[in-house]
Amino acid sequence: MATDSIPVKIGKTLVIGGGNPIVVQSMCNTHTEDVKGTAEQCVRLFKGGARLVRITCPGRQNVKDFIAIRALIEEAGYDIPLVADIHFSAEAAIEVAPYVEKVRINPGNFHKDHGLARAKFATLVEVCKKYGTAIRIGINHGSLGQRITSLYGNTPVGMAEAAMEWLRLCKENDFYQVVVSLKASNTLVMTEAYRLLAAKMKEEGFYFPLHLGVTEAGNGDSGRIKSCVGISTLLEEGMGDTVRVSLTEEPENELEAASYLAGRYDGTLTSCLKASRTEEKTVYATYDCPSRSRLLYDVSCDFGRDLLLKKIDRVIIDGVYADDAGNPVDIASSGLAQYLENELLQACRRKFYKPEYIACPGCGRTMYNLQESFEQVKSRTAHLKDVVIAVMGCIVNGPGEMADADWGYVGEGNHKVTIYKGKTPVASHIPDTEAPDILVSLIEQEQARR
Ligand code: SF4
């Protein structure tokens, strides 16, 4: 954790930054109107280790849902800080701010006119000051506005500059209850953006706490490894006060990896690495791990940063881990060593042994069965090479968040999908039963023309 970041109070007792323990957080994937389901998921996430929970707030009409969700949580005997996730509507942010502990916004999306966006943001800051609500400025690589990209490109510099504009405004307004994030699905872009931002904030005399996350990391082993590589690289460098591991799975599944990261960098747990040696730029590492997932987290955090920074080229692991029944499994002979090395190299963008997938975690805006669709797309495209495919949950925000994907597969609602080539829709309103085949055929046609 960063000891020199500004402490930010979230609700009655939680503090992010200022040398406090790293805070694990997550986000509901329920529809916000489903008040009961959302309150129940908040409680499950809290019990699983999330110290604050984000809920999507698509518009002003959802403010009443936040009030009702809070009431149900309190009725169940819990005090869980809630974060309202806002995408475009400054009005929704201003109206919900009195009822939540934190509001997550990208103020650049408040209005195309930068002056008007600034004015709306200043109003939100006043409301947050009045009610003691914190703000997270959340800038994602895929959604930098046209003004920023025309000045700096779609780059880590652009991401850091986009955040700094709003952070300076917070300082001018004497508002310091601010956390900031610069997420990307590309671990190199993400780590570089946070480094630049941390340096700039320090230079200008305000170091707001960093919320770390690799956005649209996907699911399964790949999503966990990518998240651990990006987040641990920054935690190793002394940056980061709160973490979210975003997976295209049920959010409850994120908490094991997030809690591992928090524990490891708070110093409450250590790696199961027993021995290692480096020859030229190849590391030979021996592990004795209590589980497969623990091995995966340890390897990603032990060597991800050095692979990302090209200090090493390969990691060859051996040793044992315990399977679910507690029996030892030999890492090398089970084939896991080669698989983990490939996954780690891909997460560090050193080798692409399979398609690169970007997939959002889903939220209350999700318009189709995202988890199932992602699995279908992965199984139908696994044979392809040199392609980045994004699978996104909603047509409103998905296309803007796909960053540098070659192809996008986006839920429209009503069991329909739109396929994008880059940022351009090339097939719309396709039934979701046919969409994976059409995607594969479009990609194969395009690759044949190369
Ligand atoms: S892209 Fe995914 S995570 Fe983002 S708003 Fe849409 S459904 Fe939610």
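Residues numbered from 1 in each chain as written. Predicted model: local features only at pLDDT ≥ 70, side-chain atom pairs only at ≥ 80, totals over all residues.

Peer 1: How do you make sense of unusual backbone geometry when you look at a structure like this?
Peer 2: Trans peptide bonds make up the majority, and among non-glycine residues the majority have a negative phi. Not every positive phi belongs to a glycine, and Asp174 is a case in point at roughly 55°. With respect to the element layout, Asp174 can be found in the loop between helix H6 (156-172) and strand S8 (178-183). Here Asp174 falls in the exposed class, since 8 other C-beta atoms lie within 10 Å of it. With phi around 55°, Asp386 is a residue other than glycine that occupies positive phi space. (Helix = DSSP H or I, 4+ residues; strand = E, 2+ residues; numbered from the N terminus. Buried ≥ 20, exposed ≤ 12 C-beta atoms within 10 Å, placed from the backbone.)

Peer 1: What exactly am I supposed to notice about the environment of Asp241 here?
Peer 2: If you trace the backbone, Asp241 turns up in the loop between helix H8 (220-236) and strand S10 (242-243). Accessibility expressed as a C-beta count within 10 Å gives 27 for Asp241, which makes it buried. Taking the C-alpha atoms as reference points, Asp241 and Leu212, 29 residues apart in sequence, are found 7.6 Å from one another.

Peer 1: Please clarify how the pairing of strand S12 (residues 282-289) should be interpreted in this entry.
Peer 2: Where a strand is regular, its side chains alternate between the two sheet faces. Only one face of S12 is buried, namely the one carrying Val283, Ala285, Tyr287 and Cys289, since none of Thr282, Tyr284, Thr286 and Asp288 on the opposite face is buried. As judged from the six bridges shared by strand S11 (residues 273-279) and S12, these two strands associate in the antiparallel manner. For Arg277, the partnering residue across the bridge sits in S12 and is Tyr284. Between the antiparallel neighbours S11 and S12 lie two residues, among them Glu280 with a positive phi of about 55°. Relative to strand S13 (residues 314-322), S12 runs parallel, the two sharing eight bridges. Paired with Cys289 across the bridge in S13 is Tyr321. Running through helix H10 (residues 292-308), the crossover from S12 to the neighbouring parallel element S13 is right-handed. (Pairing = 2+ DSSP bridges. Right-handed = clockwise from strand over helix to strand, strands pointing away.)

Peer 1: It is not clear to me how the nonpolar core should be interpreted in this structure. Could you clarify?
Peer 2: In globular proteins that are soluble, nonpolar side chains generally tend to be buried together. If you look at the biggest cluster of nonpolar residues, it comprises 142 residues, and the most contacted ones within it are Val53, Ala163 and Tyr409. Among all residues touching Ala163, those that are not within four sequence positions of it are Ile137, Ile139, Val180, Leu182 and Leu197. (Core = buried A, V, L, I, M, F, W, Y, C linked by C-beta atoms within 7 Å. Contact = placed C-beta atoms within 7 Å.)

Peer 1: Mind showing me how you'd approach the site of the ligand here?
Peer 2: As a structural note, the neighbourhood of the ligand is formed by Cys360, Pro361, Gly362, Cys363, Arg365, Thr366, Met392, Gly393, Cys394, Asn397, Gly398 and Glu401. The class makeup of the residues in the shell around the ligand is five nonpolar, five polar and two charged. (Near = placed C-beta within 6 Å. Nonpolar A, V, L, I, M, F, W, Y, C, P; charged D, E, K, R; others polar.)

Peer 1: Honestly, the domain arrangement of the protein in this entry has me stumped. Any pointers?
Peer 2: How big an interface is tends to be stated in terms of the accessible area lost upon association of its parts. Annotation of the protein at the domain level lists domain 1 (8-266), domain 2 (273-347) and domain 3 (356-449). Computed over C-alpha atoms only, the centres of domain 2 and domain 3 are separated by 32 Å. (Domains from an automatic or database assignment.)

Peer 1: When you look at the sheet that holds strand S16 (residues 388-392) in this model, what are you seeing that I'm missing?
Peer 2: Where strands meet in a sheet, backbone hydrogen bonds hold them as pairs that are either parallel or antiparallel. Read from one edge of the open sheet, five strands run S15-S16-S17-S18-S19, paired in mixed fashion. With partners counted over all chains shown, the strands left at the sheet margins are strand S15 (356-359) and strand S19 (424-431), one partner each. Each adjacent strand pair in this sheet contributes to an overall mean axis angle of 20°, direction not counted. The strands that helix H12 (residues 370-381) touches are S15, S16 and strand S17 (407-413); relative to S16, the one it contacts most, it runs at about 160°. (Axes fitted to C-alpha atoms, helices over the stretch in contact; angles between N-to-C directions.)

Peer 1: Explain helix H11 (residues 336-347) to me, please; I cannot follow it from the model alone.
Peer 2: Each turn of an α-helix holds 3.6 residues, which means side chains three or four residues apart point in the same direction. Under the 1.5 Å per step criterion, the end-to-end length of H11 is 16 Å for 12 residues, consistent within 8% with the ideal 16 Å. Those residues of H11 that sit buried are Ala337, Leu340, Glu343, Leu344, Gln346 and Ala347. Packing partners of the buried residues in H11 comprise helix H7 (187-203), H8, H10 and S13. In the segment just after H11, Arg349 is the residue with positive phi, at about 60°. (Expected span 1.5 Å × (residues − 1).)

Peer 1: What exactly am I supposed to notice about helix H4 (residues 114-131) here?
Peer 2: Here H4 is 18 residues long and its end C-alpha atoms lie 26 Å apart, about the 26 Å a rise of 1.5 Å per residue gives. Within H4, burial applies to Ala117, Phe121, Leu124, Val125 and Cys128. Taken down its axis, H4 places every buried residue within 105° of arc, on the same side. What points out from H4, more than 90 degrees from its buried face, is the exposed set Gly115, Leu116 and Lys130. Lining the buried residues of H4 we find helix H3 (90-96), strand S6 (102-105), strand S7 (134-140) and H6. (Arc of directions from axis to C-beta.)

Peer 1: Sorry, what's going on with the packing of H7 against H8 here?
Peer 2: Where H7 contacts H8, the two axes come as close as 10 Å, and the packing angle between them is 20°. On the basis of their axis angle, the class for H7 and H8 is roughly parallel. Crossing of H7 over H8 shows right-handed handedness. Taking contact as the criterion, the partners of Thr187, Met190, Thr191 and Tyr194 in H7 are, on H8, Lys226, Val229, Gly230, Thr233 and Leu234. Classifying every residue of the contact of H7 with H8 by side-chain character gives four nonpolar, four polar and one charged. (Parallel < 35°, antiparallel > 145°, perpendicular 65-115°, else oblique. Left-handed = near helix turned anticlockwise from the far one by under 90°.)

Peer 1: Would you mind showing me how to read the packing of H12 against helix H14 (residues 435-449) here?
Peer 2: Relative placement of two packed helices is described by the angle separating their axes and the distance separating the axes. Between H12 and H14, whose axes approach to 10 Å, the crossing angle comes to 40°. Considered as vectors, H12 and H14 are oriented oblique to each other. The two elements H12 and H14 cross, and the hand of that crossing is right-handed. Every residue of H14 that contacts H12 at Gln376, Val377, Arg380 and Thr381 is listed here: Pro436, Leu439 and Val440. Counted by class, the contact of H12 with H14 contains four nonpolar, two polar and one charged residues.

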